[in-house]
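Examining the three-dimensional arrangement
Chain by chain, the residues run as shown.
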Amino acid sequence: MLTSNLERVKENILKACARAGRDPSEVHLIAVSKTKPVEDIRTLYDAGQRLFGENKVQELCDKIPQLPGDISWHLIGHLQTNKVKHAVGNAVLIHSVDSLKLAETISKEAGKKQLVVPVLIEVNVAREDTKFGVYPEECEDLIAAVSSLPGIRTEGLMTIAPAVENPEENRPFFRKLKQLSVDIAAKKIHNVSMNALSMGMTNDYEIAVEEGASFVRVGTAIFGARNYGTGEL
Ligand SMILES: *Cc1c(COP(=O)(O)O)cnc(C)c1O
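Quantities reported herein were computed from a predicted structural model and do not represent experimental measurements.

Calculation rules
- Residues numbered from 1 in each chain as written.
- Predicted model: local features only at pLDDT ≥ 70, side-chain atom pairs only at ≥ 80, totals over all residues.
- Heavy atoms only, no water.
- Salt bridge = Lys/Arg side-chain N within 4 Å of Asp/Glu carboxyl O.
- Helix = DSSP H or I, 4+ residues; strand = E, 2+ residues; numbered from the N terminus.
- Buried < 20%, exposed > 50% of the residue type's maximum accessible area, 1.4 Å probe, protein only.
- Near = heavy atom within 4 Å.
- Polar contact = N/O pair within 3.5 Å; in protein donor to acceptor, adjacent residues only side chain to side chain.
- Areas by Shrake-Rupley, 256 points an atom, 1.4 Å probe, with all protein chains shown as cover.
- Nonpolar A, V, L, I, M, F, W, Y, C, P; charged D, E, K, R; others polar.
- Phe/Tyr/Trp six-rings, centres within 6.5 Å; stacked < 30°, edge-to-face > 60°.
- Lys NZ or Arg CZ within 6 Å of the ring centre and 35° of its normal.
- Axes fitted to C-alpha atoms, helices over the stretch in contact; angles between N-to-C directions.
- Left-handed = near helix turned anticlockwise from the far one by under 90°.
- Contact = heavy atoms within 4.5 Å.
- Expected span 1.5 Å × (residues − 1).
- Arc of directions from axis to C-beta.

So, on to the pattern of salt bridges. Summed over all chains, the structure comprises 16 salt bridges. Notably, a salt bridge pairs E128 with K131, separated by 2.5 Å at the nearest N-O pair. R171 is paired through a salt bridge with E210; the nearest N and O atoms lie 2.8 Å apart. One end of the pair, R171, is in helix α7 (residues 171-186); the other, E210, is in helix α8 (residues 205-210), with 39 residues separating them in the sequence. A relative accessible area of 15% places R171 in the buried class.

Around the ligand, the surrounding shell consists of V32, K34, I76, I160, M201, T202, R217, V218, G219, T220 and R226. Contacts to the ligand include T202, whose side-chain N or O atom sits 2.5 Å from an oxygen atom. If the ligand stood free it would expose 380 Å²; the protein chains cover 89% of that surface. Split into classes, the residues belonging to the shell around the ligand amount to 5 nonpolar, 3 polar and 3 charged.

Turning our eyes to something else, we now look at unusual backbone geometry. For K188, which is not glycine, the phi dihedral falls at a positive 45°. Take K188: it is sitting in the loop between α7 and β7 (192-198).

One pass over the full model with this rule turns up 1 aromatic pair. Summarising the aromatic geometry, the rings of F52 and W73 are spaced 6.0 Å apart at their centres and angled 40° between planes, so their arrangement reads as tilted. Here W73 lies in strand β3 (residues 72-75) and F52 lies in strand β2 (residues 51-54), a separation of 21 residues in the sequence. A cation over an aromatic ring shows up here: R50 above the ring of Y45, its NZ or CZ 3.6 Å from the ring centre. When the ring centre of Y135 is taken as origin, the NZ or CZ atom of R127, which lies over that ring, is 4.2 Å away.

Viewed as axis vectors pointing N to C, helix α6 (residues 136-147) and α7 meet at an angle of 35°, and their least axial separation amounts to 11 Å. Judged by the sense of rotation from one axis to the other, the crossing of α6 with α7 is right-handed. Between α6 and α7, the contacting residues are P136, C139, E140 and I143 on the first element and K176, L180 and I184 on the second. Considered class by class, the residues forming the contact of α6 with α7 number 5 nonpolar, no polar and 2 charged.

If you check α6, its first and last C-alpha atoms are 17 Å apart, about what 12 residues at 1.5 Å a residue would give, namely 16 Å. Those residues of α6 that fall on the buried side of the exposure criterion are P136, C139, L142, I143, V146 and S147. Projected onto a plane normal to the axis of α6, the buried residues spread over an arc of 130° and lie on a single side. Those residues of α6 that are exposed and angled more than 90 degrees off the buried face are E137 and D141. Against the buried residues of α6 lie α5 (100-113), β5 (117-122), β6 (152-158), α7 and β7.

Across its 14 residues, α5 extends 20 Å between first and last C-alpha, which sits within 8% of the 20 Å expected from 1.5 Å per residue. Its buried side turned inward, α5 meets α4 (84-87), β4 (93-97), β5, α6 and β6. Of the residues one or two after α5, Q114 is the one with positive phi, at around 55°.

Now the structure itself:
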């Protein structure tokens, strides 16, 4: 089941690339394993999947030692400053930087560990009250401020699109994030690259690929529905 789900998602990504005339090697699938057991992750690992995403630092740190060391763990959820020390060095990419305070905390921790931490800036493109992220018009100022900090490097942008019935409704938001990344890249800010664009989830990843995603974050379509109703997760 898990393996055939994975294959189906990968096929859909290939088809979306073909429709958009994109090179599939530019699109990376992150299997979002939050709330799911390590056995499921192991099954997908054995099927060749290497990028996994978690939205909680605690869960990330619990799972890492139980699984092979060549997994690339992506931290995709909101990060509180008091959790930064556990995220730095464990996540290959932090997708969710949304304030200068958080970036400063990451920078300090990176200094202690002598690392350079790649991050994405989370943008609330659809301006939803319930979502984290900076508004598009705030994005460049935040990136400029982050660019002067040591130990942290902005690699691109991330967005979480609204939950909608018809994924086509999210196409304008993906297009807007792509345009924002092109505009910011044109500013050639020191220590900033706009190579990464993290957008698209189970409901809308094919549209996101068509609109330029370099990372899609897919949970439910691979692992099945999540159950938040029972247990500690
Ligand atoms: C849970 C989550 C996903 C995956 O969502 P699905 O709809 O299950 O694919 C993607 N991105 C973020 C930030 C998430 O928290």
